[in-house]
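Chains, contacts and geometry: an overview
Each chain, written out:
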Amino acid sequence: MRRDEGTLHSAIGTLSTNRMVKRRPSPVDSKAGPLTDGPTARALLAWYDRHRRTLPWRAKPGDIPDPYRVWLSEIMLQQTTVTAVKPYFEKFLTLFPDVFALAAAPTEAVMSAWAGLGYYSRARNLHACAKAIVEVHGGIFPETPDALRALPGIGEYTSAAIASIAFNRVATVVDGNVERVISRLYAIEEPLPGSKPQIKALTTALVPEDRPGDFAQAMMDLGATLCSPKSPSCILCPFSGSCAAQKRGDAEIFPRKTPKKEGQLRRGAAFVLLREDGAILVRTRPDKGLLGGMTEVPGTEWSASFKAKDVTTLAPIEAEWTKLRGHVRHVFTHFPLELTIYAARCSKRKSAPQGARFVSLDALDQEALPSVMKKAITFALENFPQ
DNA sequence: TAAGCGTGGCC
DNA sequence: TGGCCAAGCTT
């Protein structure tokens, strides 16, 4: 620990003196510890200036960032990969070009545009946040972490990210990438999430006053490219030589994590009712909880004790329900799900029961349909009886 | 504090 | 193929 502190202080010293000295640690240095250069923001920023990723929401060098784009991307990127976010980001910019358009949009439009991206409370909070920015802040994003933190869907990470990236404010941005990079730089043995306070303190000490936004993005770019979870490219890393894990040669074991207990399998049934004019029966889930506010086909509760026996008594209408062979499997973050699918047809004159509605298959893409429901409907249509 | 909350890609 | 993982927030 004393060694870490020494390394940190030398990093701060290098920053404050604004030196561009390239000091390759000698064998003597690396044994001496405190004499070895620690990681510096300068080294990282030099790398970033050459290797930064081009992303749809990222301002080009010299350009002023658009807070709306920064905010929208940060919400979408929560626990979500860049690849998954890109098409949704473009779609949202087209449908809702600015915070005023988003605030004025119907909730259903926001939810259906978000469908497939997951963690649907993000969409609800996104909409609430847009309204708050328009109604409370006159459509202007607040610039400080504290003010941002007060908005729906914006927590510790996102408030710091927006403040630093959109407004170049000094803030400590710690996401999964930063946790990995810092854990390796200092070979932190304590597992996450217990190591979070230490990681935040070490990160804070590295943030440069002149380019906090670039520093945050550089740390995340580094974590997403070179300092990857598996087989990191230490040889190319700007921190090579000042990274404790790289010196040990076992960077990939960091960050250590406390194992999570796995969720128990839940089962349930779903009913796909196809009307003869090509519409299926759907309903809207309650606003809160799993898949809150999203569209679903009618079904049973999902539970560990579910038995696929006599479940047609739970069907939305009386019909000739056929139990389809096989199951639809889906894995949520906290439990796996196995759905038994029942299928039936009904006449064009059939009206939807209370709380449900018919939607033509052609209009299904305008629904807020989560992936598990797309799976269930696709499975039913592909295996429909007769 | 810990649990709840999605999804798709990767090896 | 299945476990791991991705720019976390809310309660």
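Residues numbered from 1 in each chain as written. Chains lettered and ligands numbered in written order. Predicted model: local features only at pLDDT ≥ 70, side-chain atom pairs only at ≥ 80, totals over all residues. Heavy atoms only, no water.

**Let's talk about the overall build of chain A**
Our working definition: Counting from the N terminus, the helices are the DSSP runs of H or I reaching at least four residues and the strands are the DSSP runs of E reaching at least two. Residue exposure (1.4 Å probe, protein chains only): buried if accessible area is under 20% of the type maximum, exposed if over 50%, otherwise partly exposed. Any two residues whose heavy atoms approach within 4.5 Å are treated as being in contact. Computed by Shrake-Rupley with a 1.4 Å probe, the accessible areas treat only the displayed protein chains as cover when residues are assessed.
In terms of helices and strands, chain A carries 15 helices and seven strands. Principal-axis analysis of the C-alpha atoms gives chain A an extent of 85 × 45 × 30 Å. Here chain A, with 386 residues, has 47% of them falling under the buried criterion. Within chain A, contacts between residues at least 6 apart in sequence are counted, and of these 69% link residues at least 24 apart. Accessible surface computed for chain A: about 20200 Å², of which carbon and sulfur atoms make up 52%.

**Here we look at the state of the cysteines**
Here, disulfide denotes a covalent bond that connects the sulfur atoms of two cysteines. Applicable threshold: Disulfide assignment relies on a single distance test, namely cysteine sulfur atoms paired within 2.5 Å.
Under the definition given, this model contains zero disulfides. Between C237, a free cysteine, and C227, which holds the nearest cysteine sulfur, the sulfur-to-sulfur gap is 6.1 Å. With no disulfide of its own, C243 lies 6.1 Å from the sulfur of C234, the closest cysteine sulfur.

**Here we look at the protein's contact with DNA strand C**
Stated precisely, the cut-off is as follows: Definition of nearness: a residue and a molecule or strand are near each other if at least one heavy atom of the residue lies within 4 Å of the molecule or strand. Polar contacts, as used here, are pairs of N or O atoms within 3.5 Å; protein pairs need one atom able to donate a hydrogen and one able to accept it. Residues neighboring in sequence count only if both atoms are side-chain atoms. The residue classification treats Ala, Val, Leu, Ile, Met, Phe, Trp, Tyr, Cys and Pro as nonpolar and Asp, Glu, Lys and Arg as charged. All others, Gly included, are polar.
Within the structure, DNA strand C sits among 23 residues, and G153, T158, D175, N177 and R180 are positioned closest to it. Note that a phosphate oxygen of DNA strand C is positioned 3.5 Å from one of the backbone N or O atoms of E156. Residue R180 places a side-chain N or O atom 2.3 Å away from a phosphate oxygen belonging to DNA strand C. Looking at the surface near DNA strand C, the elements with two or more residues in it are α10 (156–167) and α11 (176–185). Counted by class, the surface near DNA strand C contains eight nonpolar, nine polar and six charged residues.

**Details of the protein's contact with DNA strand B**
Near DNA strand B, the surroundings consist of 19 residues, among which L291, V331, T333, H334 and S371 are the closest. Protein-adjacent atoms of DNA strand B, using a 4 Å cutoff, are sugar or phosphate at a proportion of 60%. One of the side-chain nitrogen or oxygen atoms of T80 is found 3.0 Å away from a base nitrogen of DNA strand B. Here a phosphate oxygen of DNA strand B and a side-chain polar atom of Y120 are 2.8 Å apart. Every element with two or more residues in the surface near DNA strand B is listed here: β5 (328–331) and α15 (371–382). Class assignment for the residues of the surface near DNA strand B results in nine nonpolar, nine polar and one charged.

**Remarks on the nonpolar core**
For clarity, the threshold we go by: Residues enter a nonpolar core if they are buried and are Ala, Val, Leu, Ile, Met, Phe, Trp, Tyr or Cys, with the set joined through side-chain atoms within 4.5 Å. In this entry, domain limits derive from an automatic or database-based domain assignment.
Grouped together as the largest cluster of nonpolar side chains are 103 residues, with contacts concentrated most on W71, I182 and I341. Residues from two domains meet in this core; each of domain 1 (2–253) and domain 2 (266–382) gives at least three. Apart from residues lying up to four places away in sequence, W71 is in contact with L102, L126, C129, A130, F141, I154 and I162.

**Some thoughts on α11**
α11 sits mainly inside the fold: nine of its ten residues count as buried. Packed against the buried residues of α11 are α12 (196–204), α13 (212–224) and α14 (244–248). Positioned one or two residues after α11, A187 has a phi angle of 45°, which is positive.

**Here's the deal with the pattern of salt bridges**
The line we're drawing: What counts as a salt bridge is simple: a side-chain nitrogen of Lys or Arg found within 4 Å of a carboxyl oxygen of Asp or Glu.
Considering all chains together, one arrives at 18 salt bridges under this definition. Of the charged contacts in the structure, one is a salt bridge between R58 and D221, with a shortest N-O distance of 2.8 Å. Of the two residues, R58 sits in the loop between α3 (41–51) and α4 (67–76) while D221 sits in helix α13, which places them 163 residues apart along the sequence. Taken as a pair, R58 and D221 share a single burial class, namely buried.

**Considerations on the domain arrangement of chain A**
Spelled out, the test is: Note on terms: buried area is the combined drop in 1.4 Å-probe accessible area of two parts once they are placed together, counting the loss on both.
According to the domain assignment, chain A consists of domain 1 (2–253) and domain 2 (266–382). Relative placement of domain 1 and domain 2: their C-alpha centres are 40 Å apart. Both faces combined, the contact of domain 1 with domain 2 buries some 660 Å², and carbon together with sulfur accounts for 55% of it. The largest contributions to the domain 1 side of the interface with domain 2 come from S112, Y120 and R124, which together make up 59% of the buried area. Linking domain 1 with domain 2 are one salt bridge.

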